[in-house]
Amino acid sequence: MSQIPTPADLPEIVVKAKKALEEAVEAAVAEHWRNGRPVYVWRDGQVVALHPDGTATPVEPEEKALG
């Protein structure tokens with residue numbers, strides 16, 4: 001079984017890229033919540049809306065009309 005690499009095992013560019021991505025996600029979530037908008041994430045096999053007040057609600061798939 002392979003082990004999960006630690007940051008010390010990864011090339012520096014990978015560590016920097018991961019940090020930049022984490023910071024960008026954090027900023028995007030903060031902006032959504034400042035504006036009162038939920039953030040949508042994939043959790044337990046479904047899309048969930050995370051609201052600024054700390055609540056989370058599952059998002060029901062839309063029924064598409066055939067025809």
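Residues numbered from 1 in each chain as written. Predicted model: local features only at pLDDT ≥ 70, side-chain atom pairs only at ≥ 80, totals over all residues. Heavy atoms only, no water.

Draft legend 1. The overall build of the protein chain, seen in detail. Scanning the protein chain for helices and strands turns up 1 helix and 3 strands. Burial statistics for the protein chain: of 67 residues in total, 7% are counted as buried. Across the protein chain, contacts joining residues at least 24 apart in sequence account for 0% of those joining residues at least 6 apart. (Helix = DSSP H or I, 4+ residues; strand = E, 2+ residues; numbered from the N terminus. Buried < 20%, exposed > 50% of the residue type's maximum accessible area, 1.4 Å probe, protein only. Contact = heavy atoms within 4.5 Å.)

Draft legend 2. Expanded view of the sheet that holds strand E1 (residues 39-43). Strand order in this open sheet of 3 strands is E1-E2-E3, and the pairing throughout is antiparallel. The open sheet has two edge strands, E1 and strand E3 (56-58), and neither has a second partner. Each strand axis lies, on average, 35 degrees off the axis of its neighbour in the sheet, ignoring direction. Relative to strand E2 (residues 46-50), E1 is paired through 5 bridges, and the arrangement is antiparallel. From the neighbouring strand, Val-41 faces E2, where its bridge partner is Val-48. (Pairing = 2+ DSSP bridges. Axes fitted to C-alpha atoms, helices over the stretch in contact; angles between N-to-C directions.)

Draft legend 3. Representation of the pattern of salt bridges. Using the criterion set out here, one finds 3 salt bridges in the structure. Among the salt bridges present, the one from Glu-23 reaches Lys-19, with a minimum N-O distance of 2.8 Å. Placement of the pair is Glu-23 and Lys-19 together in helix H1 (residues 12-34), with a separation of 4 residues, close to one helical turn. Glu-23 sits in the partly exposed class, given a relative accessible area of 44%. (Salt bridge = Lys/Arg side-chain N within 4 Å of Asp/Glu carboxyl O.)

Draft legend 4. Geometry of the pairing of E2. Inspection of the sheet shows E2 paired to E3 by 3 bridges, in the antiparallel sense. Each residue of the ladder has a partner; that of Leu-50, found in E3, is Ala-56. Between E2 and E3, which pair antiparallel one after the other, the connecting turn spans 5 residues, and Gly-54 there sits at a positive phi close to 95 degrees.

Everything listed here is a matter of coordinates, which is why it stays silent on function.
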